[in-house]
Every structure is written in C-alpha cells, then in structure tokens.
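The chain contents come next:
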2 protein chains.
Amino acid sequence: MGTTTPPSTADLMEAVAAVGTAYFQDFAAAAARHGLSSSQAKALKSLREPVPMRALAGRLGCDASNVTGIVDRLEGLGLANREASAGDRRVKIVTITDKGLEVLDQVQRDMAKAHRAFASLSPEQRTALDGLCRQVLPLLTG
Amino acid sequence: MGTTTPPSTADLMEAVAAVGTAYFQDFAAAAARHGLSSSQAKALKSLREPVPMRALAGRLGCDASNVTGIVDRLEGLGLANREASAGDRRVKIVTITDKGLEVLDQVQRDMAKAHRAFASLSPEQRTALDGLCRQVLPLLTG
DNA sequence: TATTGTTATACTCTATAACTATA
DNA sequence: TATAGTTATAGAGTATAACAATA
C-alpha cells in the first residue's frame, strides 16, 4: 500500500479525454441555456478585447469564411458589433457589446458542474493540476 | 520561493479548457488524416464492444436520430455494420468491422502530440494527473 | 401504450472556391 | 499581386417532431 502503479500513456489520455468531454458538455449546456451555440459562446469568449475578423478565425481554429456567419448571428442577438478599422479599410474589428459581456459572464458563472468540480480540490491539488496543465500544454499545442 | 499561490477556480478552468481544446484538436486532426470526422471517430471508439443504436446515441451525447446518419457513413466506409438483435427485433446492434478496428487503432496511434505531451511526464506526475482527473470527473459528470 | 430506429425538416458549423474592395 | 471579408456551395452534425415496426 501507499505505492501506485503509474497509468499508461493511453490510460492517461482516456482520463484527460473524459474530463475534457465533460467540461465542454458543461460549457455547451451553459451556453445553450443562454441561447448560444458552443461556437458562438467560444467566439464571445475571444472578444473581451476587440479582434479583427481574420484573427477571430485564428482563435476559433476555423476558416475565415465561417466567422462571417458566426458574427452575423452574434450581431443579430445584439451581443457583438463590426467596426471599421482606422488604418486599413479592408479590416473589420469585432467588438463585444455590454449585453454580450453580460451574457458571457452569465454563461461562465452558469458552468455549475465545472465550478463544483474544481472548487472541490484543495489548494495544493489546484496548484498541482494547474502546473501539470501548463507543462503539458506547449507539447500538445506545438 | 518554493511556495506558489494556488490558482483561482476560473484560472484552473481556463488551463483545463486549453488542454482539452488542444487534445481534441489533435484527435480531430488524427481522425481527419484517416478520412474520419470527429464524430465518426468518436463513434468508432465506442464500438470496441457491439452497441445498440440507442445506446450509441447515449455514449455520443446526441439525439438518437443523428446516429442513423453517422452509422450510415461508417457503414458506407466499411468500418461498421448493423446487425439484428436476437431478443428484440426493434433494436439494431452496431458492430465494428476488422477494417474499422484497424483504422481506429491507427487514429489513436496517430495522436502524436498527445502521446508526446503525456509521455513527457514523470511516473509520479502521470499518477498525480490521472488521480486528479478521476477525482474531478464524477463532479463534472454528475 | 411505450420503445427502437428511421425519416423529414431546419439550423448551425465546417471547408473550398470565387468574388469585391482595398492595399 | 496580395490580403480582408464576403458569398456560394456542399457536406456533416445537431435537435424536434412524426412515423412504422415491435414490444
């Protein structure tokens, strides 16, 4: 007792995938409760700072042509606006509205399961998990 | 030095979301390299054991009506089959083919970034991360 | 009556390619 | 020429509602 066999890489990937899936389901459910799709909510999250259409596509990891529709819908809901860029008349800068900011905050507060799950960890466990995420992320991204 | 301020729940959620996003992008890219969408690959993953259509919908977290199309496409690719159930003539049981199993294994081996990322952790770190995932998961799921 | 799988419908997300207006 | 955003198009995922076959 007291010693544990380390999990295989495959097992660890399974565990991480399960946590990721559950997390994003919680996110999607919270977004849906406020009338947003996952993509719309994810876009809104990227708009705490004004972002050109093209850059938004990069953040969402999708083609630029998709962003037109996503921002159209956010604009239709009164959650974002397109503004002209000062320097380059080709670019449009997407800005979140006050209402958009309010809805975004509501969505994030509304992720009840995620809050419960991570708030249940001790300070030491939170520090450990955060550190492991930060160590793993660059290799996962690169 | 030597002491760190524990991250806020919000910061921790950000870190977990980033890892989850990167993980699923790696998964989607590996699936795409083998001609599969994320949903198709996820379905295939659920088929290591034969599963009725309805139960597959549950595992995928989507409506039963969607599974018809997803399995149609897997069947079209020769990766899965629909078989009649012995006891209940209403239910169809989805079975993975040998080719499907082969493609699934290739996809999972092909997640190069995820393998590199998690293999880079020490045995102690792997044990810690796995334990934290397992502790958090029930609260995230329930 | 209830359940399983399917179909019909509509909306969203996605990529590719072609277009426009700028640069 | 090259780039930013849009449009057109097509394929896929998603939910809702209605349906046939079976329980």
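Source: prediction; values computed, not measured.

## A few points about the sheet that holds strand 2 (residues 80-84) of chain A
All names here are of chain A.
Point 1. The strand order 1-3-2 describes an open sheet built from three strands, whose pairing is antiparallel. Across the chains shown, the open sheet's two edge strands, defined by having one partner strand only, are strand 1 (51-52) and strand 2.
Point 2. Pairing of strand 2 with strand 3 (residues 92-96) involves five bridges; the strand directions are antiparallel. Bridge assignment links Glu83 to a residue of strand 3, and that residue is Ile93.

## Details of the packing of aromatic side chains
Point 1. For the coordinates displayed, the defined rule picks out five aromatic pairs over all chains.
Point 2. Relative to Phe24 of chain A, the ring of Tyr23 of chain A has its centre 5.5 Å away and its plane inclined at 85°; by these criteria the two rings are edge-to-face.
Point 3. Take Tyr23 of chain A: its relative accessible area is 4%, and that puts it in the buried class.
Point 4. With a relative accessible area of 27%, Phe24 of chain A lands in the partly exposed category.
Point 5. Between the aromatic rings of Phe24 of chain A and Phe24 of chain B, the centroid separation amounts to 6.1 Å while the plane-to-plane angle is 65°, which identifies the pairing as edge-to-face. With one member in each of two chains, Phe24 of chain A in helix 1 (residues 9-33) and Phe24 of chain B in helix 1 (residues 9-33) form a pair that bridges those chains.
Point 6. By way of ring pairs, the aromatic residues Tyr23, Phe24 and Phe118 of chain A together with Tyr23, Phe24 and Phe118 of chain B are connected into one cluster.

## Things to note about the interface of chain A and chain B
Point 1. Facing the 47 residues of chain A at the interface are 47 residues of chain B.
Point 2. At the boundary of chain A with chain B, total buried surface from both sides reaches about 4800 Å², with 73% on carbon and sulfur atoms.
Point 3. Looking at the side of chain A facing chain B, the largest losses of area belong to Leu12, Met13 and Leu140 of chain A, adding up to 14% of the total buried there.
Point 4. Taken together, the connections running from chain A to chain B amount to two salt bridges.
Point 5. Of the charged contacts, one joins Glu14 of chain A and Lys45 of chain B as a salt bridge, the two residues approaching to 3.7 Å between their closest N and O atoms.
Point 6. Where chain A meets chain B, there are six residue pairs in polar contact (both at pLDDT 80 or more).
Point 7. Taken together, the elements giving at least two residues each to the side of chain A that touches chain B come down to helix 1, helix 2 (38-45), helix 6 (112-119) and helix 7 (123-141) of chain A.
Point 8. Of the residues belonging to the side of chain A that touches chain B, the class tally is 27 nonpolar, 12 polar and eight charged.

## Some thoughts on the relation of the copies chain A and chain B
Point 1. By a simple turn and slide, chain A fits onto chain B: the slide is 0.1 Å along the axis, the RMSD is 0.1 Å, and the turn is 180°. What we have between these two chains is a two-fold relation. Considering only C-alpha atoms, the part of chain A nearest the rotation axis is Gly20 of chain A, at 2.3 Å.
Point 2. Both copies present the same face, since 100% of the interface residues in chain A are matched by interface residues at the equivalent positions in chain B.

## Observations regarding the protein's contact with DNA strand D
Point 1. Taken together, 21 residues lie near DNA strand D, and Arg54 and Arg82 of chain A together with Asp63, Asn66 and Arg73 of chain B sit nearest.
Point 2. For DNA strand D, the fraction of protein-proximal atoms (within 4 Å) that sit in sugar or phosphate groups is 66%.
Point 3. In the model, a phosphate oxygen of DNA strand D is placed 2.6 Å from a nitrogen or oxygen of the Arg82 of chain A side chain.
Point 4. For the surface near DNA strand D, the elements supplying multiple residues, two or more each, are helix 3 (53-60) and helix 4 (64-76) of chain A together with helix 2 (38-45) and helix 4 (64-76) of chain B.
Point 5. Ranked by the residues each element gives to the surface near DNA strand D, the list is headed by helix 4 of chain B, at four residues.
Point 6. A breakdown of the residues in the surface near DNA strand D according to their chemical character gives five nonpolar, seven polar and nine charged.

## Comments concerning the protein's contact with DNA strand C
Point 1. Around DNA strand C there are 22 residues in total, and Ser37, Asp63, Asn66 and Arg73 of chain A together with Arg54 of chain B lie nearest to it.
Point 2. If you look at DNA strand C and keep only atoms within 4 Å of the protein, 67% of those are sugar or phosphate atoms.
Point 3. Take Ser65 of chain A: an N or O atom from its side chain is 2.8 Å from a base oxygen of DNA strand C.
Point 4. Note that a phosphate oxygen of DNA strand C is positioned 3.2 Å from one of the side-chain N or O atoms of Thr68 of chain B.

## Observations concerning the pattern of salt bridges
Residue and element names in this part refer to chain A.
Point 1. As enumerated under the stated definition, the model contains 14 salt bridges over all chains in all.
Point 2. We note a salt bridge from Arg48 to Asp105, for which the minimum N-O separation is 2.9 Å. Of this pair, Arg48 sits in the loop between helix 2 and strand 1 while Asp105 sits in helix 5 (residues 98-109); the two residues are 57 residues apart in sequence, bridging distant segments of the chain.
Point 3. The partly exposed category is assigned to Arg48, whose relative accessible area is 41%.

Rules used throughout
Residues numbered from 1 in each chain as written. Chains lettered and ligands numbered in written order. Predicted model: local features only at pLDDT ≥ 70, side-chain atom pairs only at ≥ 80, totals over all residues. Heavy atoms only, no water. Pairing = 2+ DSSP bridges. Helix = DSSP H or I, 4+ residues; strand = E, 2+ residues; numbered from the N terminus. Phe/Tyr/Trp six-rings, centres within 6.5 Å; stacked < 30°, edge-to-face > 60°. Buried < 20%, exposed > 50% of the residue type's maximum accessible area, 1.4 Å probe, protein only. Contact = heavy atoms within 4.5 Å. Buried area = accessible area lost by both parts, 1.4 Å probe. Salt bridge = Lys/Arg side-chain N within 4 Å of Asp/Glu carboxyl O. Polar contact = N/O pair within 3.5 Å; in protein donor to acceptor, adjacent residues only side chain to side chain. Nonpolar A, V, L, I, M, F, W, Y, C, P; charged D, E, K, R; others polar. Least-squares fit on C-alpha atoms with pLDDT ≥ 70 in both. Near = heavy atom within 4 Å.

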